[in-house]
Amino acid sequence: MATFPQWLPWALLSAAFAALTAIFAKLGLQQVDADLAMLLRTIAIVAVLGLFVAATGKWSNPLALPGRTLLWLLLSALATGASWLCYFRALQRGPASQVAPVDKLSVVLVAVFAFAFLHERLAWREWLGVAMIGGGVLLMALRR
């Protein structure tokens, strides 16, 4: 029998919080520019995360990290920022029930990129799941 993956509860919580992010953001974007809203959200995230890292004693000098690590983290941050900009603009212009599923096309792209760049291998049934997610995104994005 397969062992229970330790990452699974965290991934499920991530999905739940991502869903709440879409709902709360859609409600918050009604009377503010999407870019300003994202800035305010980012400030809140930095403050809360800073308090969390300090409170748990996990702070260390980031400049002591290897340059390659800093580069990858910087590129990840830039990709996150670009994703959030696009997501908030889409959410301001479209229904959350359609924008969020299209955003989850990232699941398909992660599988493809992980295969291409990280040499991760998925079994045929996992690729089938990826294809089903892609098909679900198309069904959710199409206008009724």
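Just so we're clear, the structure is a prediction, and the values are computed from it rather than from any experiment. (Residues numbered from 1 in each chain as written. Predicted model: local features only at pLDDT ≥ 70, side-chain atom pairs only at ≥ 80, totals over all residues. Heavy atoms only, no water.)

**Things to note about the layout of surface pockets**
Phase 1: Looking at the largest pocket, its volume works out to about 530 Å³.
Phase 2: Every residue lining the largest pocket is counted, 15 residues in all, and those nearest its centre are Ala18, Ser83, Trp84, Asp103 and Lys104.
Phase 3: Only helix H1 (8-28) and helix H3 (67-93) provide two or more residues apiece to the lining of the largest pocket.
Phase 4: Among the elements that line the lining of the largest pocket, the one with the most residues is H3, at seven residues.
Phase 5: Of the residues assigned to the lining of the largest pocket, the class counts are six nonpolar, six polar and three charged.
Phase 6: Here the lining of the largest pocket spans two domains, since at least three of its residues come from each of domain 1 (10-94) and domain 2 (95-143). (1 Å grid on protein atoms, 1.4 Å probe; cavity = no way out; pocket = protein on both sides within 12 Å on 5 of 7 lines; lining within 4 Å. Points joined across faces, edges and corners; volume = space filled by probe spheres on them. Helix = DSSP H or I, 4+ residues; strand = E, 2+ residues; numbered from the N terminus. Nonpolar A, V, L, I, M, F, W, Y, C, P; charged D, E, K, R; others polar. Domains from an automatic or database assignment.)

**A short note on the packing of aromatic side chains**
Phase 1: For the structure on display, the rule yields three aromatic pairs.
Phase 2: Ring centres 5.9 Å apart and planes at 80 degrees place the aromatic pair Phe115 and Trp127 in the edge-to-face group. Residue Phe115 is located in helix H5 (residues 105-117), and its partner Trp127 is located in helix H6 (residues 124-141); the two are separated by 12 residues in the primary sequence.
Phase 3: Judged by its relative accessible area of 30%, Trp127 is partly exposed.
Phase 4: The ring of Trp84 carries the charged tip of Arg41 above its face, separated from the ring centre by 4.4 Å. (Phe/Tyr/Trp six-rings, centres within 6.5 Å; stacked < 30°, edge-to-face > 60°. Buried < 20%, exposed > 50% of the residue type's maximum accessible area, 1.4 Å probe, protein only. Lys NZ or Arg CZ within 6 Å of the ring centre and 35° of its normal.)

**Focus: the environment of Ile133**
Phase 1: With respect to the helices and strands, the residue Ile133 is situated in helix H6.
Phase 2: On the basis of relative accessibility, which here comes to 34%, the residue Ile133 falls in the partly exposed class.
Phase 3: Between the C-alpha atoms of Ile133 and Pro101, which are 32 residues apart in sequence, the distance is 9.2 Å.
Phase 4: Filtering out sequence-adjacent residues up to four positions away, Ile133 remains in contact with Lys104, Val107 and Val108. (Contact = heavy atoms within 4.5 Å.)

**Thoughts on the packing of H5 against H6**
Phase 1: Direction vectors running N to C along H5 and H6 enclose 145 degrees, while the axes themselves pass 8 Å from each other. The hand of the H5/H6 crossing is left-handed. Facing H5, whose interface residues are Leu105, Val107, Val108, Ala111, Val112 and Phe115, H6 presents Trp127, Val130, Ile133, Gly134 and Val137. (Axes fitted to C-alpha atoms, helices over the stretch in contact; angles between N-to-C directions. Left-handed = near helix turned anticlockwise from the far one by under 90°.)

**Section: a nonpolar patch on the surface**
Phase 1: A grouping of Trp10, Leu13, Phe17, Leu20, Ile23, Phe24 and Leu27 is seen on the molecular surface, where their side chains present a nonpolar patch of about 800 Å² in accessible area.
Phase 2: In this fold, Leu27 is placed in helix H1. (Patch = residues over 30% accessible without salt bridge, like charges linked within 9 Å, V, L, I, M, F, W, Y side chains within 5 Å. Areas by Shrake-Rupley, 256 points an atom, 1.4 Å probe, with all protein chains shown as cover. Salt bridge = Lys/Arg side-chain N within 4 Å of Asp/Glu carboxyl O.)

**Topic: the domain arrangement of the chain**
Phase 1: What the domain assignment reports for the chain is domain 1 (10-94) and domain 2 (95-143).
Phase 2: Computed from C-alpha atoms alone, the centre-to-centre distance between domain 1 and domain 2 is 21 Å.
Phase 3: Contacts between the two partners involve eight residues from domain 1 and, on the opposite side, six residues from domain 2.
Phase 4: With both sides pooled, the region where domain 1 packs onto domain 2 buries about 510 Å², and carbon together with sulfur makes up 78% of that total.
Phase 5: Seen at the junction of domain 1 and domain 2, the total is zero salt bridges.
Phase 6: Where domain 1 meets domain 2, there are zero residue pairs in polar contact (both at pLDDT 80 or more).
Phase 7: Those elements that provide at least two residues to the side of domain 1 that touches domain 2 are H1 and H3.
Phase 8: Take the side of domain 1 that touches domain 2: its biggest share by element is four residues, from H3.
Phase 9: Across the side of domain 1 that touches domain 2, the residue classes tally to five nonpolar, two polar and one charged. (Buried area = accessible area lost by both parts, 1.4 Å probe. Polar contact = N/O pair within 3.5 Å; in protein donor to acceptor, adjacent residues only side chain to side chain.)

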